[in-house]
Amino acid sequence: MTEPAAAPTRWGILATGKIARTFARDLALVPDAELVAVGSRRAEAAAAFAAEHGGRPHGSYEELVADPDVEVVYVASPHALHLEHARLAFEAGKHVLCEKPLTLSTADAEEMVRLAGKHDRFLMEAMWTACHPLVRTVAEQVRAGRYGTPRHLHAELGFRVDAGPDDRMLDPALGASALLDMGIYPLTFAHLVLGEAERLTGTADLSDRGIDLDVAISGRYPGGALATMTASITSWSSRAAAIATDLGRIDVPDFHHPTRATFTPYDGGDGDAAREPVEILAEDAVIGRGYGNEIAEVGRCLRAGLRESPWVPHAQTLTLMRQMDAVRAQVGVSFG
């Protein structure tokens, strides 16, 4: 006899911005997930989102979390509002997938984790890179020593933001920050590959409103491995990562959601000749743009009765928040 199919995970989406729309498109590709509701501060925005992606529209976040059909809420609002909106969901008995970074500070992130425990609800930061099959494969194989000993990692992520001063990406009141928006990706990638940083040093260029527009970070990791990481909201970077080992080089284009990765071995000796690159293959497929993999991970964890994901554990999220707090302090950025 075959096991009956598990009921789909029932999702509600809180906020209707660009990332919520991308998330909804990937959610439609996950077989055991269903979008049942969407909430916005404006009824017409919720209705337009629901018309495009499905689900029942709600004209307030309070109505969304009160919807009895919603099992887990995806919080897609600006960083500065994450704690407030996660609290709403927890108090309504909902599980939470919260967009990254989890909050603006470690203290607020710790409070969100505390609330999840108090209400016995699942909480995961929506760090899709940590759930990406190819990133997971690269990290696991590097840690296993398959490509030699890693000595240096470089990762960069940046694009030019052309928006008004009230846009989420530029308004300090909404947590605008190249570090929080983009820098979290190279920091996460380095953490997954090399382990927890022993020391990080940052420098940045700030706007006249005190937000970091460009940031560069150097780090020392276990075993003496070093990393250099950059993030920008003023310029176009390669979005690539590379890991140099004593046996060769791993290249990961678009490292935060890659489609391919290669290892180029080098012959030792005077020639130092590079051999033919070898493609690194993941066992699992990428679902949509990669948000589908984190959606599937939430569903897997809920069916297993877990309250945090082993792929994006609370301890990892809090470690990276502490790192960003430390770098912000070094470069002189404060959210008040």
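None of these values were measured; they are calculated from a predicted model.

## Some words on the packing of aromatic side chains
In this structure the tally under the stated criterion is five aromatic pairs. Judged by centre distance (3.7 Å) and plane angle (10°), the rings of phenylalanine 23 and tyrosine 74 are stacked. Taken together, the residues span a long stretch of sequence, with phenylalanine 23 in helix H1 (residues 18–27) and tyrosine 74 in strand S4 (residues 72–75) at a distance of 51 residues. The residues phenylalanine 23 and tyrosine 74 share a single accessibility class, namely buried. Seen from their ring centres, tyrosine 147 and phenylalanine 263 are 4.7 Å apart, and the 45° between their planes marks the pair as tilted. With a gap of 116 residues between them, tyrosine 147 in the loop between helix H7 (133–143) and strand S7 (150–158) and phenylalanine 263 in strand S13 (residues 262–265) connect regions that are remote in the sequence. Looking at phenylalanine 263, the relative accessible area reads 9%, which means it is buried. A connected cluster of aromatic rings, assembled from ring pairs, spans Trp11, Phe23 and Tyr74. The cationic tip of arginine 300 hangs over the ring face of tryptophan 311; the distance from NZ or CZ to the ring centre is 6.0 Å.

## Describing the environment of alanine 197
Among the structural elements, alanine 197 can be located in the loop between helix H8 (178–194) and strand S8 (199–206). Distance from alanine 197 to threonine 319, taken between C-alpha atoms, is 9.2 Å for residues 122 residues apart in sequence. Not counting residues within four places of it along the chain, the set of residues in contact with alanine 197 comprises Arg220, Tyr221 and Gln323.

## Observations regarding the pairing of strand S6 (residues 123–126)
In this sheet, S6 lies alongside strand S5 (residues 95–99) in parallel orientation, the contact comprising four bridges. The partner of valine 96 across the bridge, within S6, is leucine 123. After leaving S5, the chain enters helix H5 (residues 106–118) and then returns to the sheet as S6, a path that is right-handed.

## Notes on the sheet that holds strand S10 (residues 226–232)
The eight strands are arranged S8-S9-S10-S7-S11-S12-S13-S14 in an open sheet whose pairing can be described as mixed. Bordering the open sheet on either side are S8 and strand S14 (278–279), each of which pairs with just one other strand. Here seven bridges tie S7 to S10, and the two strands are oriented parallel to one another. In the sheet register, leucine 157 faces S10, and the bridge partner there is alanine 231. The sheet contacts of H8 involve S7, S8, strand S9 (212–220), S10, strand S11 (241–245) and strand S12 (248–252), and relative to S10 the element is tilted by about 160°.

## Thoughts on the packing of H7 against H8
For the pair H7 and H8, the least separation of the axes is 7 Å and the interaxial angle reads 40°. The angle between H7 and H8 places the two elements in the oblique class. Residues Val135, Ala139, Val142 and Arg143 of H7 touch H8, and the partners they reach there are Phe189, Leu192 and Val193. Considered class by class, the residues forming the contact of H7 with H8 number six nonpolar, no polar and one charged.

## Concerning the pattern of salt bridges
As enumerated under the stated definition, the model contains 20 salt bridges in all. Between glutamate 198 and arginine 220 there is a salt bridge; the shortest N-O distance is 3.5 Å. Of this pair, glutamate 198 sits in the loop between H8 and S8 while arginine 220 sits in strand S9; the two residues are 22 residues apart in sequence, bridging distant segments of the chain. A single salt-bridge network, built from bridges that share partners, covers Arg56, Asp67 and Asp69.

## Some thoughts on the environment of aspartate 325
Mapped onto the elements, aspartate 325 comes out in helix H10 (residues 314–331). The class for aspartate 325 is partly exposed, based on a relative accessible area of 21%. Taking the C-alpha atoms as reference points, aspartate 325 and leucine 104, separated by 221 residues in sequence, lie 8.5 Å from one another. With residues up to four places along the chain from it excluded, the contact list for aspartate 325 reads Leu104, Ser105 and Thr106.

What counts and how
Residues numbered from 1 in each chain as written. Predicted model: local features only at pLDDT ≥ 70, side-chain atom pairs only at ≥ 80, totals over all residues. Heavy atoms only, no water. Phe/Tyr/Trp six-rings, centres within 6.5 Å; stacked < 30°, edge-to-face > 60°. Helix = DSSP H or I, 4+ residues; strand = E, 2+ residues; numbered from the N terminus. Buried < 20%, exposed > 50% of the residue type's maximum accessible area, 1.4 Å probe, protein only. Lys NZ or Arg CZ within 6 Å of the ring centre and 35° of its normal. Contact = heavy atoms within 4.5 Å. Pairing = 2+ DSSP bridges. Right-handed = clockwise from strand over helix to strand, strands pointing away. Axes fitted to C-alpha atoms, helices over the stretch in contact; angles between N-to-C directions. Parallel < 35°, antiparallel > 145°, perpendicular 65-115°, else oblique. Nonpolar A, V, L, I, M, F, W, Y, C, P; charged D, E, K, R; others polar. Salt bridge = Lys/Arg side-chain N within 4 Å of Asp/Glu carboxyl O.

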